[in-house]
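Okay, here's what each chain looks like letter by letter:
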Amino acid sequence: MIRTMWDKILALFGKKQVSDDNRLHDNEVYTNEYEDITDINFTAIFANKLANYVMNDSNIDATGNDKRAVLHQDVIKRLKKKLKKIIARDLGTGGVLVVPYVTRSKIYFNIVSQNRLVINKQIGEDIIDCTILAEHIVRNQKNYYRWADYTLENNNLYIKYRATVETTPISMEEVSEWANIQDISITNVSKMPFMFIKCPVDNRKENDNYGVPITYGCKKQMNKIRKTLNQIEREFDLKEVFVGADVTMFKGDNALTTNGLYKKINSGEDGFWEIFDPAFRDTPLFNKLMQQCAILEKMVGTSRGILTDPLSTYQNSDEARRAIEDTFSIVDDIRSSLEDGISDFIYACDILANYYNLSPQGKYTLSFDWSYSMIESNQETFNQLRSGYADGVIKKSEYRQFLKPNETLEESEEALKQIKEESPSTKDLIGGK
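Residues numbered from 1 in each chain as written. Predicted model: local features only at pLDDT ≥ 70, side-chain atom pairs only at ≥ 80, totals over all residues. Heavy atoms only, no water.

### Description of the sheet that holds strand 3 (residues 106-113)
Ordered by their spatial adjacency, three strands build an open sheet running 3-2-10, and the pairing between neighbours is antiparallel. A single partner strand is all that each edge strand has here, and the edge strands are strand 3 and strand 10 (195-198). Within this sheet the neighbouring strands show an average axis-to-axis angle of 20°, counted without direction. In terms of strand pairing, strand 2 (residues 95-103) meets strand 10 through four bridges, oriented antiparallel. Counterpart to leucine 97 in the pairing with strand 10 is phenylalanine 196. Sitting on the sheet, helix 5 (residues 83-93) touches strand 2, strand 3 and strand 10, and the angle it makes with strand 2 is about 140°. (Pairing = 2+ DSSP bridges. Helix = DSSP H or I, 4+ residues; strand = E, 2+ residues; numbered from the N terminus. Axes fitted to C-alpha atoms, helices over the stretch in contact; angles between N-to-C directions. Contact = heavy atoms within 4.5 Å.)

### Here's the deal with the side chain of arginine 335
As for its placement among the helices and strands, arginine 335 is situated in helix 9 (residues 325-355). In this structure the side chain of arginine 335 is engaged in a polar contact, spanning 3.1 Å, whose partner is the backbone oxygen of valine 54. The residues contacting arginine 335, other than those within four sequence positions of it, are Tyr53, Val54, Ser58, Phe328, Trp370, Ser371 and Tyr372. (Polar contact = N/O pair within 3.5 Å; in protein donor to acceptor, adjacent residues only side chain to side chain.)

### Here we look at the packing of helix 2 (residues 21-35) against helix 5
Axis separation between helix 2 and helix 5 bottoms out at 8 Å; the angle between their running directions is 125°. Here helix 5 runs oblique to helix 2, going by the angle between their axes. Between helix 2, through Tyr30, Thr31, Tyr34 and Glu35, and helix 5, the contact on the second element is made entirely by Ala88, Arg89, Gly92 and Thr93. Residues of the contact of helix 2 with helix 5, tallied by class, amount to three nonpolar, three polar and two charged. (Parallel < 35°, antiparallel > 145°, perpendicular 65-115°, else oblique. Nonpolar A, V, L, I, M, F, W, Y, C, P; charged D, E, K, R; others polar.)

### Section: the environment of alanine 47
On the secondary structure map, alanine 47 appears in helix 3 (residues 42-55). Placed 167 residues apart in sequence, alanine 47 and isoleucine 214 show a C-alpha to C-alpha distance of 6.9 Å. Once residues within four sequence positions are removed from consideration, alanine 47 is found in contact with Tyr34, Ala88, Leu91, Gly92 and Ile214.

### Some thoughts on the pattern of salt bridges
Summed over the entire model, instances satisfying the criterion amount to 12 salt bridges. Residue lysine 15 pairs with aspartate 129 through a salt bridge whose shortest N-O separation is 2.6 Å. You can see lysine 15 sitting in the loop between helix 1 (2-12) and helix 2 and its partner aspartate 129 sitting in strand 5 (residues 126-139), a full 114 residues away along the chain. Look at lysine 15 and you get buried, because its relative accessible area is 18%. Put simply, arginine 78 and aspartate 74 hold a salt bridge, and the shortest N to O gap is 3.0 Å. Linking arginine 78 with aspartate 74, this pair stays in helix 4 (residues 67-80), spanning four residues, or about one helical turn. Of the residues examined, aspartate 74 reaches a relative accessible area of 36% and is grouped as partly exposed. The structure contains a network of salt bridges with shared partners spanning Lys15, Asp129 and Asp149. (Salt bridge = Lys/Arg side-chain N within 4 Å of Asp/Glu carboxyl O. Buried < 20%, exposed > 50% of the residue type's maximum accessible area, 1.4 Å probe, protein only.)

### Re helix 4
With 14 residues, helix 4 extends 20 Å from end C-alpha to end C-alpha; this agrees with the ideal 20 Å at 1.5 Å per step. The set of residues buried in helix 4 consists of Arg68, Ala69, Leu71, His72, Gln73, Val75, Ile76, Arg78 and Leu79. (Expected span 1.5 Å × (residues − 1).)

### Examining the pairing of strand 3
Pairing between strand 2 and strand 3: eight bridges, direction antiparallel. The partner of valine 99 across the bridge, within strand 3, is asparagine 110. In textbook terms, the turn of a hairpin is the stretch between consecutive antiparallel strands, and for strand 2 and strand 3 this stretch comprises two residues, one of which, arginine 104, has a positive phi near 55°.

### Here we look at the packing of helix 3 against helix 9
Close contact between helix 3 and helix 9 brings their axes to 9 Å; oriented N to C, the two are set at 70°. Viewed along their axes, helix 3 and helix 9 adopt a mutual orientation that is roughly perpendicular. Seen from helix 3, the contacting residues are Leu50, Tyr53, Val54 and Met55; seen from helix 9, they are Thr327, Ile330, Val331, Ile334, Arg335 and Leu338. A breakdown of the residues in the contact of helix 3 with helix 9 according to their chemical character gives eight nonpolar, one polar and one charged.

Written out as structure tokens, the structure reads:
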């Protein structure tokens, strides 16, 4: 069904289906499993926990003073609010796209799971031809889809848009939100105008055009944990305490109530009374559960602390760092991928800003200030920044930004100017050296 649908969509753009049908099916399964909320979702647990580790106390910014830098600062500020969601979806589904677009003279973006992407042609790591399900609207119990086709040829980017109800083509004007969207072509483009980041987990195949979820290859172990959890629940239910009493004790003015604590038993003895309170095997069952969770953490490649409790017997800070080294290694890989992805995203915003004349061209620099609180204390980081500022290798605005992480560098510099005006030093007042 998935292959048939994509064949029809690609035919709208005059293209043939060349992607592996199994990969399209797998991508759909990964997304459905990540979005499943009917049971405990281990993939979502790992994905959200690692996303928190990646972004906590970290900062991303575009520095510069011209209008183009200000435009990118605004986009990044809105992007940062969604980054935990983007990272979690990347890890949970295998890959995610962030596709910018322009409407009302402003840059917005859509977050798209990789199951809505078909790569038609790729050279090395560079996608040069692809089709994306860009938007989905449900209206009057009908599913409306907006499709975007991207082709990069001789440094020329061609973007075509089509709309369908299910797989039946319709005019873009039939959906009011899409009525003003038109096909475009842009010159001097070197890469696709969107961010595409993939989960760092190895798919154990030669072809890695698409990513795989963080728990790839762990389904059997996750099922074992679910089985143990069900066993614990069943053990509780079977060993629920009750008082068994003869049926004659439920009659008359002082009859016992059948409220769950008391159960009728036809014992033949009017005075029969017995408490059912068997011992619960909590220790062996929970030991089994924790061992299974620890194995799953090892299979994923993280340290203790995702499903299990971290050890509290570390002798010193170095030992604590080594204990979380595996998790930090994954976090570092995610950050590296994210840096490349955000660079691609801002490049795409640059292309759109030029095409729609949103601001004059200018200069900007992307900066990534990642937190290392996982492996070092905040006090240690603060001391390093203070020493760096004293040695003249760290700007005062960077020093301030550590204390005010929600500020951009420009906002920190502006705040420092205001502080200087309101509380000038003696040297500033009298001048001289």
